[in-house]
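# Close look at the chain arrangement
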Amino acid sequence: MFVGSLELDVLLGDVHSLKQKRSVVRPIVAELRRRFAVAVAEAGQRDLYRRATIGVAAVAADGAHVRDVLDACERFVAERPEVELLSAGRRVHGADDD
């Protein structure tokens, strides 16, 4: 079994309140969950209205599959016109990891 996590730091476009931030971040989170069958949540910078951290987790029997899913999630967010992807960090843990 392999478990992968992806942390995406994004800068939101023309957003001036936390309510507007939610209206941008929630659809991204919902679409990631629906399209890629991953666990996903807004995981940080909740008090800043122009920044968000989105956390994604995937589990599979094959490490390559986990990496492919996380790559696809990263590309999906990077291609969104309403956000700018500032950084992406990932980790993949397998059965042999301590």
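Chains are numbered independently. Their residues run from 1 in the order of the written sequence. In view of the model being predicted, local features appear only for residues whose pLDDT reaches at least 70, and side-chain atom pairs are presented and counted only at 80 or more, with totals across whole chains, interfaces and linings using the full set of residues. The basis for the side-chain values is all heavy atoms of the structure; hydrogens and waters are excluded.

### So, the nonpolar core
Rule in force here: For the purposes of this section, nonpolar cores are sets of buried Ala, Val, Leu, Ile, Met, Phe, Trp, Tyr and Cys residues that join through side-chain atoms within 4.5 Å. Here the term buried applies to any residue with accessible area under 20% of the maximum for its type, exposed to any over 50%, and partly exposed to those in between, with areas from a 1.4 Å probe on protein chains only. Helix and strand labels come from DSSP, where a helix needs a run of H or I of at least four residues and a strand needs a run of E of at least two; each type is numbered from the N terminus. Two residues qualify as a contact provided that any one of their heavy atoms is within 4.5 Å of a heavy atom in the partner residue.
Ranked by size, the top nonpolar core spans 24 residues in total, and within it Ile28, Leu32, Ile54, Val56 and Val77 carry the most contacts. Those elements giving two or more residues to this core turn out to be β1 (2-12), α1 (18-36), β3 (51-60) and α2 (63-78). Per-element tally for this core: the top contributor is α2, with six residues. Setting aside residues no more than four positions away along its own chain, leucine 32 makes contact with Ala37, Val38, Val40, Ile54, Val56, Cys73, Phe76 and Val77.

### Focus on the layout of surface pockets
Stated formally: In the cavity and pocket records, a cavity denotes points on a 1 Å grid over the protein atoms alone where a 1.4 Å probe fits but cannot get out, a pocket denotes an open set with protein on both sides within 12 Å along at least 5 of 7 lines, and lining residues are residues with an atom within 4 Å of a point. Grid points are joined across faces, edges and corners, and a volume is the space filled by probe spheres set on the points. Under this grouping Gly is polar, as are all residues other than the nonpolar Ala, Val, Leu, Ile, Met, Phe, Trp, Tyr, Cys and Pro and the charged Asp, Glu, Lys and Arg.
In this structure, the largest pocket occupies an estimated 190 Å³ of space. Taken together, Leu18, Lys21, Arg22, Val25, Arg26, Val29, Glu42 and Arg46 make up the lining of the largest pocket. With six residues, α1 is the largest single contributor of residues to the lining of the largest pocket. Here the lining of the largest pocket is built from residues that sort into three nonpolar, no polar and five charged.

### Quick word on the environment of glutamate 7
Examined against the element boundaries, glutamate 7 turns out to sit in strand β1. In sequence terms glutamate 7 and glycine 44 are 37 residues apart; their C-alpha atoms lie 9.6 Å from each other. Leave out the neighbours within four places in its chain, and glutamate 7 touches Thr53, Ile54, Ser87, Ala88 and Gly89.

### Remarks on α2
Filter applied, for reference: Multiplying 1.5 Å by the residue count of a helix minus one yields the expected span of that helix.
For α2, with 16 residues, the first-to-last C-alpha span of 23 Å sits near the 22 Å given by 1.5 Å per residue. Buried residues of α2: Gly63, Val66, Val69, Leu70, Ala72, Cys73, Phe76 and Val77, and no others. In the core, the buried residues of α2 are packed alongside β1, α1, β3 and β4 (83-93).

### Let's talk about the confidence of the model for the protein
Test applied: pLDDT expresses, on a scale from 0 to 100, how confident the predictor is about each individual residue.
Confidence along the protein averages 92 in pLDDT terms, with 98% of residues attaining 70 or more. When pLDDT is averaged over each element of the protein, β1 comes out on top at 96 and strand β2 (residues 39-44) at the bottom at 91.

### Quick word on the pattern of salt bridges
Quick reminder of the rule: When a carboxyl oxygen of Asp or Glu is within 4 Å of a side-chain nitrogen of Lys or Arg, the pair counts as a salt bridge.
One pass over the structure, following the stated rule, counts seven salt bridges. Aspartate 9 is the partner of arginine 51 in a salt bridge, and the nearest nitrogen-oxygen pair spans 2.6 Å. Here arginine 51 is found in strand β3, whereas its partner aspartate 9 is found in strand β1, with 42 residues between them in sequence. Residue class for arginine 51 comes out partly exposed when judged on its relative accessible area of 28%. Overall, the relative accessible area of 13% leaves aspartate 9 in the buried class.

### What to know about α1
Over its 19 residues, α1 runs 26 Å from end to end, which matches the ideal 27 Å to within 8%, given 1.5 Å per residue. Among the residues of α1, those classed as buried are Lys21, Val24, Val25, Ile28, Val29, Glu31 and Leu32. Where α1 is buried, its residues meet β1, β2, β3, α2 and β4. Immediately downstream of α1, the backbone of alanine 37 shows phi near 55°, a positive value.

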